[in-house]
Amino acid sequence: MSALTDAVADAVTGVWPAGLVLPLAALLALAIDRVFGEPPARWHPVVAMGHYLGFMGRRIAPLPAQAEARRARAFVSGALAWCLGALLVLALAVAPGWAARSASGWAQVLLLGLLLKPLLAWRMLRDEVAAVEAALGRSLDDGRARLGWLVSRDVAALDAAQVRESAIESLAENLNDSVVAPLFWFALAGLPGAALYRFANTADAMWGYRGERNGRDWTWAGKWAARADDALSWLPARLTALLLCAPRHWGALRREARRTPSPNSGWPMAAMALALGLCLRKPGVYALHAQGRAPEAADTGRALRRAGRAVGAIAWLAAVAAVAGAWGVIA
């Protein structure tokens, strides 16, 4: 019995394999997010990514009058700036793991969990969507204004149902971008995988536009960033959709997801529409589950609970993986 106790103690206090460290770090990051939310902006890595992208963006995207003549230059500049930023992010993400490679398993879990947390944002997403519904309860103008914090589309002419549609769509889409995809890439490639994904997603949000935005033309300057995000989000978006809707809807899911211009965002949005029996639309662009009804006040809460269950399912998967990893360490 003493030998067995010593073996267990050595396993618990020693260096652990990635199969145990990564799921425990993911659980810790989700717990930190639930309790504390986002870190201050000055310490937030995604904010730092945004500063880099903003600085480079002002130099790579041409003025609208020059866009046609500088297509090739804009594309190459955008691709090089993206790659440089990605290399910097990867270097910074690799360094902590390299420095802690001989630390105990507990130390590695703590370090990775703390560093992973800012790369996912479930609590902030949940609170922002709930805030839109609360503001809409006060007035339509308040609801529109609060939605403007969450989406990039023009909100000035939206009615109450359209405000809710936009908020629920944003919840579904960002559930992938802010939770599922970072954790997916963390499971596959550790902290560098999650950090690279968040950089790619932030670059797409800031650069991935067609035409003019903020006085610059992004048609070619942002093309590399948009395609990189499409590639990295392809599988996570479909996994998010499966987490959101019941198996009975999976047959319709693919058909509905194809209605959006994006190869990925339609999947979680269509899944949410099917799961709640709603029609989610962007006028003149798409209508998901067109036979569904318009969202009502209670539907925002239903959508939040549905997304919360998806996050809970991810936590359970991480817990199962951790138990399996712990068994392997002790055995």
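Residues numbered from 1 in each chain as written. Predicted model: local features only at pLDDT ≥ 70, side-chain atom pairs only at ≥ 80, totals over all residues. Heavy atoms only, no water.

### Comments concerning the packing of helix α9 (residues 223-244) against helix α11 (residues 266-276)
Running from amino to carboxyl end, α9 crosses α11 at an angle of 10 degrees, the nearest separation of the two axes being 8 Å. With respect to α11, the axis of α9 lies roughly parallel. Residues Ala-237, Arg-238, Thr-240, Ala-241 and Leu-244 of α9 touch α11, and the partners they reach there are Trp-267, Pro-268, Ala-271, Met-272 and Ala-275. Residue composition of the contact of α9 with α11, grouped by class: 8 nonpolar, 1 polar and 1 charged. (Axes fitted to C-alpha atoms, helices over the stretch in contact; angles between N-to-C directions. Helix = DSSP H or I, 4+ residues; strand = E, 2+ residues; numbered from the N terminus. Parallel < 35°, antiparallel > 145°, perpendicular 65-115°, else oblique. Contact = heavy atoms within 4.5 Å. Nonpolar A, V, L, I, M, F, W, Y, C, P; charged D, E, K, R; others polar.)

### Re the packing of helix α8 (residues 160-207) against α9
Axis separation between α8 and α9 bottoms out at 10 Å; the angle between their running directions is 105 degrees. Classed by the angle they form, the pair α8 and α9 counts as roughly perpendicular. Looking at the contact of α8 with α9 residue by residue, the class counts come to 20 nonpolar, 4 polar and 2 charged.

### Quick word on the environment of Leu-183
Note on placement: Leu-183 falls in helix α8. Expressed as a C-alpha distance, the spacing of Leu-183 and Ala-194, which sit 11 residues apart in the sequence, is 6.6 Å. Once residues within four sequence positions are removed from consideration, Leu-183 is found in contact with Ala-26, Leu-30, Leu-116, Leu-120 and Ile-314.

### Topic: the nonpolar core
Ranked by internal contacts, the top residues of the largest apolar core, which has 86 residues, are Trp-82, Leu-116, Leu-171, Leu-175, Phe-186, Trp-207 and Met-272. With 19 residues, α8 is the single largest residue contributor to this core. Discounting residues that sit within four places of it in the chain, Leu-175 has contacts with Trp-122, Leu-125, Ser-170, Val-180, Thr-240, Leu-244, Ala-307, Ala-310 and Val-311. (Core = buried A, V, L, I, M, F, W, Y, C linked by side-chain atoms within 4.5 Å. Buried < 20%, exposed > 50% of the residue type's maximum accessible area, 1.4 Å probe, protein only.)

Distances and angles like these do not, on their own, reveal function.
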